[in-house]
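Chain by chain, the residues run as shown.
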Amino acid sequence: MVLELLLPGLIGFVFVMIAAYAGSLRALEVYFDPEQDSIFLSDDYEPPGEQ
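Owing to the predicted nature of the structure, the values given are computational and were not obtained by experimental measurement.

## Section: the overall build of the protein chain
Thought 1: Helix and strand counts for the protein chain come out as one helix and zero strands.
Thought 2: Carbon and sulfur atoms make up 68% of the accessible area of the protein chain, which totals about 5,100 Å².

In structure tokens:
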């Protein structure tokens, strides 16, 4: 009975941890690559319409 409750929770937890790990790897890849641009990391972002 405990295994019936623990196993789905463990599978969900592992899935979320893998997704968080992949997301943080992607964020670091964008952060350290000078060729890729991110709206969150650019210093000279101007709001649309003010050109």
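## Quick look at the pattern of salt bridges
When charged atoms on two side chains of opposite charge get close, those side chains can pair.
Thought 1: As enumerated under the stated definition, the model contains one salt bridge in all.
Thought 2: The closest approach of N and O atoms between Arg26 and Glu29, which form a salt bridge, is 3.7 Å. Here Glu29 and Arg26 lie together in helix 1 (residues 2-32), a separation of three residues that amounts to about one turn.
Thought 3: A relative accessible area of 44% means that Arg26 is categorised as partly exposed.

## Some remarks on a nonpolar patch on the surface
Thought 1: Taken together, the side chains of Leu3, Leu7, Leu10, Ile11, Phe13, Val14, Phe15, Val16, Met17 and Ile18 define a hydrophobic patch exposed on the protein surface, amounting to about 1,000 Å² of accessible area.
Thought 2: Among the secondary structure elements, Ile18 is positioned in helix 1.

The rules we used
Residues numbered from 1 in each chain as written. Predicted model: local features only at pLDDT ≥ 70, side-chain atom pairs only at ≥ 80, totals over all residues. Heavy atoms only, no water. Helix = DSSP H or I, 4+ residues; strand = E, 2+ residues; numbered from the N terminus. Areas by Shrake-Rupley, 256 points an atom, 1.4 Å probe, with all protein chains shown as cover. Salt bridge = Lys/Arg side-chain N within 4 Å of Asp/Glu carboxyl O. Buried < 20%, exposed > 50% of the residue type's maximum accessible area, 1.4 Å probe, protein only. Patch = residues over 30% accessible without salt bridge, like charges linked within 9 Å, V, L, I, M, F, W, Y side chains within 5 Å.

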